[in-house]
Amino acid sequence: AQTVTQSQPEMSVQEAETVTLSCTYDTSESDYYLFWYKQPPSRQMILVIRQEAYKQQNATENRFSVNFQKAAKSFSLKISDSQLGDAAMYFCAYRSQFRKLIFGTGTRLQVFP
Amino acid sequence: GAGVSQSPSNKVTEKGKDVELRCDPISGHTALYWYRQSLGQGLEFLIYFQGNSAPDKSGLPSDRFSAERTGGSVSTLTIQRTQQEDSAVYLCASSLAGLQDVFGPGTRLTVL
């Protein structure tokens, strides 16, 4: 069975600085998708970024980028130029073909002015 | 509407009562998922509907939990004889091709 591990329960960053959130996963599959979701206090899960396992190029979305290491089964999220609005829970998630998302336990990110 | 909606937003019930939680997915989305998020925890998969296929019920924690999806659209999650450990936020998500799930705001269930 696939598992997702987020080893950092909490992280903090100064506004305008860069922070990296870690995620590792375990799978025997070769074709899958990885996601980072943001959950603010409103509880709404918001997709931050998606990575297809068959793509070697790391995904980027504005200030958000990932470091995808398929052999190491690592999928970290880098947030550049952190903003106060980035404060939230961040969940790493795994999905094989069109099936359920498997989530990590989350990392709470605090952003200090 | 443009997003996934869930109702009620909050539900308080007494132990032993039955509850129904509703999810209205985005029109045209063929896939619908239910997840449970207990306090301070990640999301736990409950059930998955895809088109007319038989649902994947592998995540339902007990036979007190059931769900249906009528007409390929609205879904209802039913919890019978609620227990205190059922207290959680129940999240619904829908997607068109399984690549970008859109989540609803969730229903916070409190069992007294």
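### A look at the overall build of chain A
Piece 1. Within chain A, the regular secondary structure consists of zero helices and 12 strands.
Piece 2. Reading chain A from its N end, one meets helices and strands in the order β-β-β-β-β-β-β-β-β-β-β-β.
Piece 3. Its C-alpha atoms put chain A at 40 × 25 × 20 Å along the principal axes.
Piece 4. For chain A, the proportion of its 113 residues judged to be buried stands at 48%.

### Describing the pattern of salt bridges
Oppositely charged side chains can pair when the atoms bearing their charge come close.
Residues and elements named next belong to chain B.
Piece 1. Inspection of every chain in the model, using the stated rule, returns nine salt bridges over all chains.
Piece 2. In this structure, the salt-bridge partner of Glu44 is Arg36, at a minimum N-O distance of 3.1 Å.
Piece 3. Glu44 sits in the partly exposed class, given a relative accessible area of 34%.
Piece 4. In this structure, the salt-bridge partner of Asp86 is Arg64, at a minimum N-O distance of 2.8 Å.

### A short note on the environment of Ser30 of chain A
Residue and element names in this part refer to chain A.
Piece 1. Relative to the helices and strands, Ser30 resides in the loop between β4 (24–26) and β5 (33–39).
Piece 2. Measuring from C-alpha to C-alpha, the distance between Ser30 and Tyr54 comes to 7.9 Å, with 24 residues separating the pair along the chain.
Piece 3. Setting aside its immediate chain neighbours within four residues, Ser30 contacts Ala53 and Lys70.

### Thoughts on the interface of chain A and chain B
Piece 1. Listed as interface residues are 19 residues of chain A and, on the opposing side, 25 residues of chain B.
Piece 2. Remark: the boundary between chain A and chain B carries two salt bridges.
Piece 3. We note a salt bridge from Arg99 of chain A to Asp56 of chain B, for which the minimum N-O separation is 3.0 Å.
Piece 4. For the pair chain A and chain B, the interface holds nine residue pairs in polar contact (both at pLDDT 80 or more).
Piece 5. With four residues, β5 of chain A is the single largest residue contributor to the side of chain A that touches chain B.
Piece 6. Looking at the side of chain A that touches chain B, its residues break down into nine nonpolar, five polar and five charged.

### A short note on the state of the cysteines
Every disulfide links exactly two cysteines, by a covalent bond between their sulfur atoms.
Residues and elements named next belong to chain A.
Piece 1. Counting across every chain of the model gives two disulfides over all chains.
Piece 2. With a sulfur-sulfur separation of 2.0 Å, Cys23 is cross-linked through a disulfide to Cys92. Linking Cys23 and Cys92, the disulfide has an S-S dihedral of approximately -70° and is accordingly described as left-handed. Linking Cys23 in the loop between β3 (19–21) and β4 with Cys92 in strand β10 (residues 88–95), this pair joins segments that are 69 residues apart in sequence.
Piece 3. Of the residues examined, Cys23 reaches a relative accessible area of 2% and is grouped as buried.

### Considerations on the pairing of strand β10 (residues 107–111) of chain B
Every regular strand shows the same layout, with side chains that alternate between the two sheet faces.
Residue and element names in this part refer to chain B.
Piece 1. Burial along β10 is one-sided: Thr107, Leu109 and Val111 are buried, while Arg108 and Thr110, pointing the other way, are not.
Piece 2. Relative to β10, strand β2 (residues 10–13) runs parallel, the two being bridged by four bridges. Following the sheet pairing, Thr13 is matched in β10 by Val111.
Piece 3. Pairing analysis gives three bridges linking strand β8 (residues 88–95) to β10, with the strands arranged antiparallel. Bridge pairing in β10 links Ala88 to Leu109.

### Quick word on the confidence of the model for chain B
Piece 1. When pLDDT is averaged along chain B, the result is 92; 98% of the residues meet or exceed 70.
Piece 2. Looking over chain B, one finds the lowest element-wise mean pLDDT in strand β5 (residues 43–50) of chain B, namely 93, and the highest in strand β7 (residues 75–79) of chain B, namely 98.

### As for the packing of aromatic side chains
Aromatic rings in a pair are described by how distant their centres are and how their planes are angled relative to each other.
Piece 1. Tallied over the full model, the rule gives 15 aromatic pairs over all chains.
Piece 2. Relative to Phe103 of chain B, the ring of Phe103 of chain A has its centre 6.4 Å away and its plane inclined at 70°; by these criteria the two rings are edge-to-face. Taken together, the residues span two chains, with Phe103 of chain A in strand β11 (residues 102–103) and Phe103 of chain B in strand β9 (residues 102–103).
Piece 3. On the basis of relative accessibility, which here comes to 1%, the residue Phe103 of chain B falls in the buried class.
Piece 4. Judged by centre distance (6.1 Å) and plane angle (20°), the ring pair of Tyr33 of chain B and Tyr35 of chain B falls under stacked.

Definitions and limits used
- Residues numbered from 1 in each chain as written.
- Chains lettered and ligands numbered in written order.
- Predicted model: local features only at pLDDT ≥ 70, side-chain atom pairs only at ≥ 80, totals over all residues.
- Heavy atoms only, no water.
- Helix = DSSP H or I, 4+ residues; strand = E, 2+ residues; numbered from the N terminus.
- Buried < 20%, exposed > 50% of the residue type's maximum accessible area, 1.4 Å probe, protein only.
- Salt bridge = Lys/Arg side-chain N within 4 Å of Asp/Glu carboxyl O.
- Contact = heavy atoms within 4.5 Å.
- Polar contact = N/O pair within 3.5 Å; in protein donor to acceptor, adjacent residues only side chain to side chain.
- Nonpolar A, V, L, I, M, F, W, Y, C, P; charged D, E, K, R; others polar.
- Disulfide = S-S within 2.5 Å.
- Pairing = 2+ DSSP bridges.
- pLDDT = per-residue confidence, 0-100.
- Phe/Tyr/Trp six-rings, centres within 6.5 Å; stacked < 30°, edge-to-face > 60°.

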